Each structure stands twice: as C-alpha cells, then as structure tokens.
Amino acid sequence: MKRLSLQWRITLMTVLLIGITCSSMKLLTCSSGIHYMDVIGESIQGCTYGDETAAFSADTAEPGQEIAIIISGAQEDFCMANWYITAAVTLLGGILAYFVSGRALKPLRSFASQVEKVQLNNLTNMEINENVIPEFRELSHSFNQMLERLNNAFDAQRRFTGNAAHELRTPLTLMQAQLELFTAEHPDVLPETAKFLSLMREQVERLSEMTGTLLEMSSLQQMARNEQFRLAPMIEEVFAELLPLAEKNSISLEQTGDGSMTGSDALIYRLLFNLTENAIRYNRAGGLVKISIMQKQEDLLIHVSDTGCGIPENFQRNIFHPFFRVDKSRSREYGGVGLGLSLVWEIVDFHGGSVWIEESSEKGTTVAVKLPFTYNSNTSNNK
C-alpha cells in the first residue's frame, strides 16, 4: 500500500466505499422488494391462516400454483439484477474516481514538475503561483518562501566569495611584485634563500590564480548570455595563448570543425581555455591535444582529447568538484589550484548544457561538452 501513488489510493478507497454502499443498498432493496412481492402473492392467492395473513413462500406453495413459481423466479432475478447493478456501479465509480482524482491532483503534478526544474541560476524564476486551490495554497506559499531564503543565502555566499577574492587580489599582487623585485635585485643570494624565494613566488602565484578564479565564479550569474559567436576563431585564440605552455611540453595542438551559438563570449572562451590548459598540463611529452566541434540540430558537441595517462574510473565523477585532484602528490608539478574544471562545469550549467568524461584510458582522456545554440532556463543539467 505504501508504494501506491496517491491517485491509486484515492481510487481504491472510493471503490471500497462505493462497493460497501451499493452492497448495503442492495441488501435493503432486496429485502424490501422480496417482502412486497410476498405481500402481492398473498393478496393474489388469498393465502390466509386464521385471522392473520401468512407470509407467502414458494416452498410451501401447492403444486399447480403458477403464481408462486412466477413470483419466486422474479425474486431471484431481482436479487441477481441488484448484484449486477452493484458491480457495474462500483466499477464505473472506480473508473470515474481514477480520472477525477487525477484531475484533482493536477496541481500537485505541476508542483512536482516545477520543483524538478529548480536550478541554482533560476531560483528567482521558479516561484509558484499562489492563486490555486486552498489545499495547495499554503504549500505554494511555503515553497516560494524557501526559494527566497535559498536565493538570499546563495547571493550572500557569492557576495562574500567575490568580496574576499577582490580584497585578496591587491595584497597578493603587491607580494608577487615585491618578490620578483627582490629576486631581480639580489641574484647572488644563497641557494637556500633562492629556493625559499622560488617557493614563495609559486605559492603567491597559486593564490593569485585561485582568487581570480573565485572572483570569476562569484560574478558568473551576472554575465550576459545574448552574444552570438563562432567557436573555431575562439579556439585559435586559445591555442595562441597556450602555445608557449604547449611548446614547453612538446604538445601538438589540433582543431577540427566549427559551430555557432548564443551565450557569453567571455565564459565560453574561459571554458575552452581551461579544458585545453588542463589537457596540456596532464599530457605526455610529445603528446597531442585535439578539439573537435560537431553542430547538431539543437546542440553543439565539443570534444577535447589528450594523450595523457587517463583518469581512473572512480575519480571521473569527482574531477568537476572544487579543489579535487586525482594525484595530490603531483599538484605542484602540474600547477593549478583545482578550480579549473569546477569553473568549466559552472559555465556549462550556466548555459544550460552538460559536461562529462566520455572516454578515459591509458591512451588518453576525452572530455565532452554539449551546449544548446541558445540558452533555455528550463533545461535540466547534469554533471
């Protein structure tokens, strides 16, 4: 019973109630009908005993009394007809109850459908109309208040992250400039001091990159998504910017296909940049990074492939989480702060698309991104 839907529960309860009511009515109707048939039979045959009229019974009727047989058959037919009517009314009542309850529960289905569409970037657009039937009015009001609280909490979180990142940028930039200046003015420091200065510069640069990424993530929701652009020229710019890093690691860069879309030019550029940079950093020396674009009927499909060592299957669902690293022991070797792929997921989700690891083995990894031509706020997203 617990696994049945509310509609089926209402239907079964209605069928049970109708069945009990019809059965009770049948018993009362049959008893009264049989009683009056007996009275009619007695009146017709003038069957009396003493001063009182005896109850008419087909069992006590003498042979040849045709009226007794007729009345007895009528009583049986009358009872059977009542049972048939009871069954028919119960069945019809159950069918009507199923469809009527479905109609009555339509606001609940609409509510569930709207809840499924709630995303972090559309909380303000998911409020439910409170002008509904009284049973759902309080639920709708509570749901709208919950959305408002969530939206306020996320806004406060974004403001804090953005403000903290913004406030950190100035002292970090100053520290980085001072370290570079000190290193340039003191080239003959002791090896231990040079190693310490190199470590300091590396960590300050890492902090600067982290604050920049956090600032981008905090301001993500305010970006416009109404720019039209082609992806092939954008990928060429990404390759040009990352060419020094690719040449340093002897990585070849290759691009195939093209496509157009409407969205945020700056954010899609950052998405392609982060995926390409990640593919270069975690590639083998002398490897290849390839970006291919396929334009389908309603979506763009982007594949970013490398020839690295691959990602273990148990880590593939976690690489888009903030600060997640497959091999933390080599994080300093490859650089980065663990937010690049997390930002990729945020950008894809912001545009109503999806991103996933399509293939990963010892021969390399392929990251797939699906983006709609035009952003749709009702699109559901998956990691």
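Let me sum up the structure you'll find in this document. (Residues numbered from 1 in each chain as written. Predicted model: local features only at pLDDT ≥ 70, side-chain atom pairs only at ≥ 80, totals over all residues. Heavy atoms only, no water.)

**Let's talk about the overall build of the protein**
Short version of the rule: Note on conventions: DSSP H or I runs of at least 4 residues are helices, E runs of at least 2 residues are strands, and numbering of each starts at the N terminus. Burial classes: relative accessible area under 20% of the type maximum marks a residue as buried, over 50% as exposed, and values in between as partly exposed (1.4 Å probe, protein chains only). The Shrake-Rupley method, run with a 1.4 Å probe sphere, supplies the accessible areas, and residue values consider only the shown protein chains as cover.
The secondary structure content of the protein amounts to 9 helices and 9 strands. When burial is assessed residue by residue, the protein has 33% of its 383 residues classed as buried. Carbon together with sulfur atoms contributes 57% to the accessible area of the protein, which is approximately 23500 Å² in total.

**Here's the deal with helix α9 (residues 340-350)**
Along α9, 9 of the 11 residues are buried, which leaves the element largely enclosed by surrounding structure. L341, S342, L343, V344, W345, I347, V348, D349 and F350 are the residues of α9 that are buried.

**Some remarks on a nonpolar patch on the surface**
For clarity, the threshold we go by: Distance thresholds for patches are 9 Å for like charges and 5 Å for nonpolar side chains (Val, Leu, Ile, Met, Phe, Trp, Tyr), applied to residues having over 30% relative accessible area and no salt bridge. We count a salt bridge whenever a side-chain nitrogen from Lys or Arg sits within 4 Å of a carboxyl oxygen from Asp or Glu.
A cluster of nonpolar side chains, namely L27, M80, W83 and Y84, defines an oily patch on the protein surface of about 460 Å² accessible area. Sort the elements by how many residues they give to the nonpolar patch and helix α2 (residues 66-104) lands first, with 3 residues. Positionally, L27 belongs in helix α1 (residues 6-45).

**Brief notes about the environment of H303**
Test applied: Residue contacts follow a heavy-atom distance rule, with two residues in contact if any of their heavy atoms lie within 4.5 Å.
For H303, the location among the structural elements is in strand β7 (residues 299-305). Linking H303 and I291, residues 12 residues apart in sequence, is a C-alpha distance of 5.6 Å. Look past the residues within four positions of H303 in its chain and what remains in contact with it is K290, I291, S292, M294, E358, T366, V367 and A368.

**Let's talk about the sheet that holds strand β8 (residues 354-361)**
The strands making up a sheet are joined through hydrogen bonds of the backbone, oriented either antiparallel or parallel. Counted only if it meets this: Here the rule is simple: two strands pair whenever DSSP picks up at least two bridges between them. Here an axis means a line fitted to C-alpha atoms, over the contact stretch when the element is a helix, while the angle between two N-to-C directions is reported on a 0 to 180 degree scale.
Pairing in this open sheet of 5 strands is mixed, and the strands run β4-β6-β7-β9-β8 from one edge to the other. Looking at which strands have only one partner, the edges of the open sheet turn out to be β4 (252-256) and β8. This sheet shows a mean twist of 15° between the axes of neighbouring strands, independent of strand direction. Looking at chain direction, β7 and strand β9 (residues 364-372) are connected through 7 bridges and run antiparallel. When the bridges of β9 are listed, L300 appears paired with L371. On the sheet, helix α7 (residues 265-281) packs against β4, β6 (288-295), β7 and β9 and is oriented at approximately 145° with respect to β6. Packed on one face of the sheet, α9 meets β8 and β9 and runs near 135° to β8.

**Here's the deal with the pairing of β9**
The buried fraction of β9 is high, at 8 of 9 residues. Note: β8 against β9, 7 bridges, orientation antiparallel. Across the sheet, the residue bridging to V355 is V369, located in β9. Linking two consecutive strands that pair antiparallel, namely β8 and β9, is a turn of 2 residues.

**Here's the deal with the packing of aromatic side chains**
Heads up, the rule is: Stacked, edge-to-face and tilted labels apply to pairs of Phe, Tyr and Trp rings (six-membered ring for Trp) whose centres lie within 6.5 Å, assigned for plane angles under 30 degrees, over 60, and everything in between, in that order.
Applying the stated criterion across every chain yields a total of 1 aromatic pair. Ring centres of Y269 and F273 lie 6.4 Å apart, and the angle between their planes is 25°; on these two criteria the pair is classed as stacked. Residue Y269 and its partner F273 are both found in helix α7; the two are separated by 4 residues, about one turn of the helix. Residues Y269 and F273 agree in their burial class; the two are buried.

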